[in-house]
Amino acid sequence: MSVRIAIVGTGYVGLVTGACLAELGHDVVCIDNDKQKIEALNSGRIPIYEPGLDELVSRNVQRGTLRYSLDLPASVRGRDAVFIAVGTPSHPGTDQADLRYVVAATEQVASNIDQFTVIVIKSTVPVGTNRLVQSIVERCLPEGQSAAVASNPEFLREGSAIGDFLHPDRIVFGAENEQAMAILQRIYAPLEQQGYEVLATEIETAEVIKYAANAFLAVKISYINEIADLCEAVGADVDHVATGIGLDHRIGGAFLKAGPGWGGSCFPKDTRALKATASEYVVPMRIVDAAIEANARRKDVVLKKIEAACGGSVAGKRLAIFGLTFKGQTDDVRESPSIDLVRALVERGARIHAYDPSQPAEAARLLPHICMCATPVHAIKNADALVILTDWKSFIDCDLRELSDYMADPVMVDMRNLFDEQAVRGNGFRHYVRVGRGAER
Ligand code: NAD
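Residues numbered from 1 in each chain as written. Predicted model: local features only at pLDDT ≥ 70, side-chain atom pairs only at ≥ 80, totals over all residues.

### Focus: the overall build of the protein
On a plain count of helices and strands, the protein comes out with 18 helices and 14 strands. Expressed as lengths along the three principal axes of its C-alpha atoms, the size of the protein is roughly 75 × 50 × 40 Å. Within the protein, buried positions represent 48% of all 441 residues. (Helix = DSSP H or I, 4+ residues; strand = E, 2+ residues; numbered from the N terminus. Buried ≥ 20, exposed ≤ 12 C-beta atoms within 10 Å, placed from the backbone.)

Here it is in structure tokens:
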């Protein structure tokens, strides 16, 4: 049965959630206060890069189940559920999540409610936020109106967001109000009927699940990165080690890919926020602390590798950088390791020509002193080394012979282990450096 839904915040999560809920048969309006974003969407342009989103959105707009609005008051009236999917970045200068957007959105939503509505917190928020939201709702609700608050954290990954939303490992709700729970069950019934697991739990538990999951994944990556360093020292191969441990079902193979360190719009801020919550409750969070510290040090490891590959220094060298986003298949550069690494290389005197398939406009703003290239060949011409920082699938299809032919010195530092060593060397590269692989004996 169709549910009337509004989504406040039409970003990576809000737009995907809106389009997927429309696909499941609900009537969805996606709201944002960014005029440019709503105008782009209304003129048929998707403001983010996310595989498959274009088709999903246009199909649902055409069949009338998805629309956009700048007018929050009008758009939340007559809705059974309003999802809040606004950003929760780190508070400037602290580890805590900045809840100002959640608070503002809640105030705006609650004061415009005209029938029973469940306000669903989709944003990643620290423990206690749903209760805070509940108190804001009570303060702002028009007289005679009623509403309930529910937590429904989101686990999608940028780059595979639609598949993750429509084929989730689990759906988590935290709600105390029965009417709210019933509406959430109606919203997710099409997925539950397909056998996807629904976990209904206390509000605080739902809030902790999201942070505990993200921090665990960050720990896994920091762990395999340190194992990669050990592999290099002892002459082992981290990819084989990852396969060897990942085949153990108790461990699992996902998130065991060594690389330049984790980043993005979630892990850094969410691990910091988890630490902040734990410290507020005087609970040690030593493992997460260590994962954060290991990740911060990862950049030095990567820089040293690049410098060593360039003969000890990058000063005056022309470097081709492939990949500016925090991972492949997205245009998101928030806390991307590539951005910090490129800045550090520029500081050390390198001249950077960067190519990223998503052509992220934000990267050009963050890195004004580098040359942004529209094609791999443009970036690689006369380069003294090629450095691969992001695992874009399209890099694997590059013609290695063509790349090496264009370079001044055919050296490759592959921080994602995308290529086969034999193939790289067989196609004209004189030097190939990868992650977590000891020197040939
Ligand atoms: P985003 O920055 O892409 O989108 C947030 C949107 O909210 C922006 O378009 C902004 O203009 C809009 N907004 C802010 N205040 C508003 C208001 N009062 N009214 C209307 N619109 C408003 O952020 P995101 O990446 O989609 O993340 C949203 C939340 O989801 C965060 O809490 C994040 O931690 C969580 N999350 C993100 C991901 C991810 O992969 N990006 C995955 C799971 C969870």
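### Examining the site of the ligand
Close contacts around the ligand come from 28 residues, with Gly9, Gly11, Val13, Ser123 and Thr124 the closest. At the level of secondary structure, the elements contributing two or more residues to the shell around the ligand comprise α1 (12-23) and α5 (100-110). Its residues assigned to classes, the shell around the ligand shows twelve nonpolar, eleven polar and five charged. (Near = placed C-beta within 6 Å. Nonpolar A, V, L, I, M, F, W, Y, C, P; charged D, E, K, R; others polar.)

### Side note on the nonpolar core
The biggest cluster of nonpolar side chains holds 125 residues, and the ones touching the most others in it are Val8, Ile84, Ile119, Val120, Leu319, Leu386 and Val387. Top element by residues in this core is helix α9 (residues 203-234). It accounts for ten residues. (Core = buried A, V, L, I, M, F, W, Y, C linked by C-beta atoms within 7 Å.)

### Section: α5
Of all the positions in α5, only Val102, Ala105, Thr106, Val109 and Ala110 are classed as buried. Burial along α5 is one-sided: seen end-on, the buried residues are contained in an arc of 120°. The secondary structure elements touched by the buried residues of α5 are β1 (4-8), α4 (72-76), β4 (81-84), β5 (117-121), α6 (129-140) and β6 (147-151). (Arc of directions from axis to C-beta. Contact = placed C-beta atoms within 7 Å.)

### Observations regarding the sheet that holds strand β10 (residues 351-355)
Taking strand neighbours across the sheet as the criterion, the six strands line up as β11-β10-β9-β12-β13-β14 in an open arrangement whose pairing is parallel. Either end of the sheet is taken by a strand with one partner, and the two such strands are β11 (371-373) and β14 (431-434). This sheet shows a mean twist of 20° between the axes of neighbouring strands, independent of strand direction. Note: strand β12 (residues 385-388) against strand β13 (residues 411-414), three bridges, orientation parallel. Across the sheet, Leu386 pairs through a bridge with Met412, a residue of β13. Sheet strands in contact with helix α12 (residues 286-309) are β12, β13 and β14, and its direction is about 170° off that of β13. The sheet strands contacting helix α13 (residues 337-347) are β9 (318-322) and β10, and the helix crosses β10 at an angle near 155°. (Pairing = 2+ DSSP bridges. Axes fitted to C-alpha atoms, helices over the stretch in contact; angles between N-to-C directions.)

### Re the UniProt feature "domain: UDP-glucose/GDP-mannose dehydrogenase C-terminal" (unreviewed entry) in the protein
Listed under "domain: UDP-glucose/GDP-mannose dehydrogenase C-terminal" (unreviewed entry) in the UniProt record, and renumbered for this structure, are residues 320-421. Between the C-alpha atoms that bound residues 320-421 there is a distance of 19 Å. The span itself is 33% helix and 19% strand. (UniProt positions renumbered as here; feature names shortened; annotations may be inferred.)

### Details of the environment of Asp32
Residue position: Asp32 is located in the loop between β2 (27-31) and α2 (35-42). On the basis of neighbour count, Asp32 is assigned to the buried category, with 23 C-beta atoms found within 10 Å. Once the C-alpha coordinates of Asp32 and Leu70 are considered, the two residues, 38 residues apart in sequence, prove to be 5.5 Å apart. With near-sequence residues (within four places) excluded, Asp32 lies in contact with Gly9, Thr10, Lys37 and Ile38.

### With respect to the sheet that holds strand β8 (residues 198-201)
Here eight strands make up an open sheet; going across it, the order is β3-β2-β1-β4-β5-β6-β7-β8 and the pairing mixed. Edge positions in the sheet fall to β3 (66-69) and β8, since each has one partner strand and no second. If you compare each strand with its neighbour and ignore which way they point, the axes differ by 25° on average. Sheet topology places β2 next to β3; four bridges connect them, and they run parallel. Residue pairing across strands places Val28 opposite Leu66, the latter belonging to β3.

### Considerations on the domain arrangement of the protein
Here the domain parsing of the protein yields domain 1 (4-201), domain 2 (210-292) and domain 3 (298-434). For domain 1 versus domain 3, the distance between C-alpha centres works out to 37 Å. Tallying the contact residues gives seven residues for domain 1 and seven residues for domain 3. Of the residues assigned to the side of domain 1 that touches domain 3, the class counts are four nonpolar, one polar and two charged. (Domains from an automatic or database assignment.)

### Section: the pairing of β13
Where burial is concerned, the two faces of β13 agree: the one with Val411 and Val413 and the one with Met412 and Asp414 are both buried. Here four bridges tie β13 to β14, and the two strands are oriented parallel to one another. Within β14, the position partnered with Met412 by the bridge is Tyr432. Each parallel crossover has a hand, and the one from β13 via helix α18 (residues 421-426) to β14 is right-handed. (Right-handed = clockwise from strand over helix to strand, strands pointing away.)

### Details of unusual backbone geometry
Its identity as a non-glycine residue notwithstanding, Phe255 has a phi of 60°, on the positive side. Note that Phe255 resides in the loop between α10 (238-246) and α11 (267-280). For Phe255, a count of 16 C-beta atoms within 10 Å puts it in the partly exposed group. Despite not being glycine, Glu335 has its phi angle at roughly 50°, a positive value. Secondary-structure assignment places Glu335 in the loop between β9 and α13. The partly exposed category is assigned to Glu335, around which 18 C-beta atoms lie within 10 Å.

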